[in-house]
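What follows is each chain in one-letter form.
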Amino acid sequence: MGSGIEALVNREYAYGFVTDIETDTVPAGLNEGIIRLISAKKNEPEFMLEWRLKAYRRWLTMKEPHWGNVKYPAIDYNSLVYYSAPKSVKPLQSLDEVDPELLRTYEKLGISLTEQKFLAGVAVDAIFDSVSVGTTMREELGKLGIIFCSFGEAVQNHPELVEKYLGTVVPHSDNFFAALNAAVFSDGSFAYVPKGVKCPMELSTYFRINSANTGQFERTLIIADEGASVSYLEGCTAPKRDENQLHAAVVELIALDNATVKYSTVQNWYAGDAEGKGGIYNFVTKRGKCAGVNSKISWTQVETGSAITWKYPSVILQGDNSVGEFYSVAVVNKKQQADTGTKMIHIGKNTKSTIVSKGISAGEGNNSYRGLVRVLPKAEGARNYTQCDSMLIGNKCGAHTFPYIEVQNNTATLEHEASTSKIGEDQIFYCKQRGVSAEHAVSMIVSGFCREVFKELPMEFAVEAQQLLGITLEGSVG
Amino acid sequence: MGPNGSGKSTLAQVLAGNPSYQVTQGTVTYDGQNLLELDPEVRAQNGIFLAFQYPVEIPGVSNAYFLRSAYNEIRKAKGMEEVDPLEFLDLVEEKLKLVDMDESMLSRSVNQGFSGGEKKRNEIFQMAVLAPRLAILDETDSGLDIDALRIVAQGVNTLRSPENATIVVTHYQRLLNYIVPDFVHVLSNGRIVKSGGKELALELEEKGYDWLQNVDAGAGAAA
């Protein structure tokens, strides 16, 4: 391949630095004592501890799943640290109290927790290792009755909402990693948008794993009450480390009658080095429930990092006329592996789902799309459209597609389109002959390939996503 | 001109710097520089343009974005300011008329879903916008119906000036009814076996390439 492609796909990871900060860390290993300790550190009410213990006991009976098209050495769950927090984090009154070292870390990542985001109209919750270190714009949101805070604060201040909705979309017993998360999750983000309120700004969480040997198990719960709407962004980075780090998060979205939730992710966890050493194992359970009529949940993800990505942001289409969407760009390079896709479960009448998946494989990366469209017997008039396209860069990478379709109602309409293409030297040469450098040419070609997904991202994220792929903003709008 | 396999397209690709072709001997001097030492994009920035025989498709990338990127790269190389999308639109409007294309083509993906004729017209359109000093048209006439041929030829003729040069690669005399050449060179087996004025093309049309292959065989034996 041309040197331009190689230079592009072999770029250094820019976020691989480590922040030197004192942490409050529990001993490695997992047992009921650790869970009680985490719960006590977080000053949780009884129902939370009970829920955690129930999940833990269930987890003990479960086996780590291995059906994904990914390979990795066995994880020793007893060598992991399940709670690590920057020591200076106490309940904060304002961002001025945040450890300056932490603020510097976020600034290095390009995320200012202070005014910049105010100007950009984005409210940010920053999660450092296991705990939330700061949530911005809270007052402005509070005036509208919108609750946006760390999960820990929600448990303290709004236990009734947490108790009502926690585990209603991803139960504590859902799967091995979700059960583990339920047992040990330390923090995360919480958002509640009350009836009829359209959230006027993007809500954003930024996840950062810093400590070594630490698992990150955050939990996000977003509820849009009747007629409400909210758009939520999630970004992630981690330092470069030689050992693998486990990230087993859970995200639950709930949309009641006529509500809309849009959830966008730009995932840029450390992917490991060229030999496949180090990097994040990103084993995440993300699911939304369109509980009410005419509700809509939309997932957009740009997956560029992690050694292994294993996740399926899904939608349960329970309310009549509800809509589920999944737009995904997954890029693998070096020795990265990704097995990602979605599940659309049609339960209500006239429910509609759209899946657009773009997989890009470079280096020795291995990319799999795995998707399930299930139409249950009562889902009269259900519709699904699926499109999955793969692009190969070089000749050592792989692209796989595993679509599953289960239809139990004969009024359903399903469409599936798939394509595989290879980025060609002829395309690169054509661009170069017009005066465009190889690097810009690759960006342009990849950007064109991802266009349908990028246009679904909120503006701020579209920029970040394109930069991640070495693409200028113009690429998507030109 | 020259028969199939005589090296016409190879010459075009080598001048443009296609990495699939390796130059084993000889030099190419362009504007006092050794052209073979320059990367393809630098050649393009220095005014070399190749109208491809088989224009490449780039799904999802609009013609407007593609061509504006090229235009700006060339301007940057000359130390000029880049143009924004609106200025660019003004600039290309009249060039579109030249090849009888509609503005809506600007928002379509590069060459995707274009007919053979549209692809060739798009090449000439790009050439009109980028205004090269040396344009190489690699069998731009192949696969064109007579109307498209006329449009392409008109485009080329309009752009013709004492400031630039055009190498037209073809094996039919047909195109040369519309684009009247100053010189005709005939390639055979990778060599120029005969050069002349526009009447050489007519002579070839009449006698066929066999006539020259005999000349070539003689020349080869002599060498």
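Nothing here was measured: the structure is a model prediction, and the numbers come from that model.

Each value, and the rule that gives it
By convention here, each chain's residues receive numbers from 1 onward along its written sequence. By the order in which they are written, chains take letters starting at A while ligands take numbers starting at 1. Under the rules for a predicted model, residues below a pLDDT of 70 receive no local features and side-chain atom pairs below 80 are neither given nor counted, while totals for whole chains, interfaces and linings still include all residues. Remark: hydrogens and water are excluded; side-chain values derive from all non-hydrogen atoms of the structure. A run of DSSP states H or I qualifies as a helix once it reaches four residues; a run of E qualifies as a strand once it reaches two. Both are numbered from the N-terminal end. C-alpha atoms define the radius of gyration, and 2.2 Å times the number of residues to the power 0.38 defines the globule rule. For each residue, the accessible area found with a 1.4 Å probe, counting protein chains only, is set against the maximum for its type, and the residue is called buried under 20%, exposed over 50%, and partly exposed in between. The contact definition used throughout considers only heavy atoms, calling two residues in contact when any of these lie within 4.5 Å. To be clear on the numbers: accessible area is Shrake-Rupley with a 1.4 Å probe, and residue cover counts the displayed protein chains and nothing else. In this tally Asp and Glu are treated as negative and Lys and Arg as positive; neither His nor the chain ends contributes. Charge placement uses NZ in Lys and CZ in Arg. For Asp and Glu, CG and CD serve respectively. Stacked, edge-to-face and tilted are the three classes for Phe, Tyr and Trp ring pairs, Trp counted by its six-membered ring, which pair at centre distances within 6.5 Å; planes under 30 degrees apart are stacked, over 60 edge-to-face, the rest tilted. Two strands pair if DSSP finds at least two bridges between them. To obtain each axis, a line is fitted to C-alpha atoms, and for helices this fit is confined to the stretch in contact; angles are then taken between N-to-C directions over 0 to 180 degrees. Side-chain atoms within 4.5 Å are what join buried Ala, Val, Leu, Ile, Met, Phe, Trp, Tyr and Cys residues into a set we call a nonpolar core. A residue counts toward a patch only above 30% relative accessible area and without a salt bridge, and it is joined to like-charged neighbours within 9 Å or, for Val, Leu, Ile, Met, Phe, Trp and Tyr, to nonpolar neighbours within 5 Å. In the sections that follow, a salt bridge refers to a side-chain nitrogen of Lys or Arg positioned within 4 Å of a carboxyl oxygen of Asp or Glu. For any pair of parts, buried area is found by adding up, for both, the accessible area (1.4 Å probe) each one loses once the two are put together. Pairs of N or O atoms are called polar contacts if they sit within 3.5 Å, as long as, within protein, a hydrogen donor faces a hydrogen acceptor (for residues adjacent in sequence, only side-chain-to-side-chain pairs). Here the word oblique covers every angle except those under 35 degrees (roughly parallel), over 145 (roughly antiparallel) and from 65 to 115 (roughly perpendicular). Crossings are sorted by hand: turned counterclockwise from the far helix by less than a right angle, the near helix makes the crossing left-handed, and turned clockwise it makes it right-handed. Three classes are used, and their members are as follows: Ala, Val, Leu, Ile, Met, Phe, Trp, Tyr, Cys and Pro are nonpolar, Asp, Glu, Lys and Arg are charged, and the others, Gly among them, are polar.

A. Here's a closer look at the overall build of chain B. When you go through chain B residue by residue, the secondary structure sums to eight helices and nine strands. What you see for chain B is a C-alpha radius of gyration of 18 Å, in line with the 17 Å of a compact globule of 223 residues. Projected onto its principal axes, the C-alpha positions of chain B cover 60 × 40 × 35 Å. Looking at chain B as a whole, 48% of its 223 residues qualify as buried. A separation threshold of at least 6 residues defines the contact pool for chain B, and within that pool the share at least 24 residues apart is 63%. As presented, chain B carries roughly 11200 Å² of accessible surface, and 48% of it is formed by carbon and sulfur atoms. Of the side chains in chain B, 20 bear a positive and 31 a negative charge, and the two mean positions are spaced by 3 Å.

B. Broad picture of the packing of aromatic side chains. All names here are of chain A. Scanning the model with the defined rule gives 23 aromatic pairs over all chains in all. A ring pair is formed by tryptophan 59 and tyrosine 77, whose centres lie 5.6 Å apart and whose planes are at 80 degrees; its orientation type is edge-to-face. In this pair, tryptophan 59 sits in helix H3 (residues 46–60) while tyrosine 77 sits in the loop between H3 and strand S2 (84–86), placing the two residues 18 residues apart along the sequence. Using a relative accessible area of 10% as the deciding quantity, one classes tyrosine 77 as buried. Judged by centre distance (6.0 Å) and plane angle (70 degrees), the ring pair of phenylalanine 177 and tryptophan 310 falls under edge-to-face. Here phenylalanine 177 is found in helix H9 (residues 176–184), whereas its partner tryptophan 310 is found in strand S15 (residues 308–311), with 133 residues between them in sequence.

C. Expanded view of the sheet that holds strand S6 (residues 134–138) of chain B. All names here are of chain B. The three strands are arranged S3-S6-S7 in an open sheet whose pairing can be described as parallel. The open sheet terminates on both sides in strands that have one partner only, identified here as strand S3 (48–51) and strand S7 (165–169). Across the sheet, the mean angle separating the axes of adjacent strands is 15 degrees when strand polarity is ignored. Contacting S3, S6 and S7, helix H1 (residues 8–16) runs over the sheet at an angle of about 145 degrees to S6. In the packing of helix H5 (residues 116–130) onto the sheet, contacts are made with S3 and S6, and the angle to S3 comes to roughly 165 degrees.

D. Geometry of the nonpolar core. One finds A:Val329, A:Ile360, A:Val446, B:Ile58, B:Phe66 and B:Phe125 to be the most contacted residues of the largest nonpolar core, which totals 76 residues. In terms of residue count, helix H11 (residues 438–454) of chain A provides more of this core than any other element does, ten residues in total. A:Val155, A:Phe176, A:Val250 and A:Ala307 belong to the second largest nonpolar core, which has 56 residues in total.

E. Local environment of a negative patch on the surface. Taken together, B:Glu81, B:Asp84, B:Glu87, B:Asp90, B:Glu93, B:Asp102 and B:Glu103 make up a surface patch of like negative charges. Among the secondary structure elements, B:Asp102 is positioned in the loop between helix H4 (85–98) and strand S5 (109–110).

F. Looking closely at the interface of chain B and chain A. Listed by partner, the interface residues are 34 residues for chain B and 22 residues for chain A. With both chains or domains summed, chain B and chain A bury close to 2300 Å², and 62% of this area falls on carbon and sulfur atoms. For chain B, the biggest contributors to the area lost against chain A are B:Glu41, B:Val56 and B:Tyr65; these three give 25% of the whole. Connecting chain B to chain A are two salt bridges. When the shortest N-O distance is used, the salt bridge between B:Glu41 and A:Lys432 registers 3.8 Å. In this assembly, chain B and chain A are joined by 13 residue pairs in polar contact (both at pLDDT 80 or more).

G. Broad picture of the packing of H5(B) against helix H6 (residues 146–159) of chain B. All names here are of chain B. Running from amino to carboxyl end, H5 crosses H6 at an angle of 10 degrees, the nearest separation of the two axes being 10 Å. When the axes of H5 and H6 are compared, the pair comes out roughly parallel. Classified by chirality, the crossing of H6 by H5 is left-handed. Across the interface between the two elements, Arg121, Ile124, Met127 and Ala128 from H5 touch Ile151, Val152, Gly155, Val156 and Leu159 from H6. The residue makeup of the contact of H5 with H6, split by class, is seven nonpolar, one polar and one charged.

H. Quick peek at H1(B). When H1(B) is considered as a whole, its buried residues turn out to be B:Lys8, B:Ala12, B:Gln13, B:Val14, B:Leu15 and B:Ala16. Lining the buried residues of H1(B) we find helix H10 (425–433) of chain A together with helix H2 (40–45), S3, S6, S7 and strand S8 (184–188) of chain B. A positive backbone phi angle near 90 degrees is found at B:Gly17, which sits one or two residues after H1(B).

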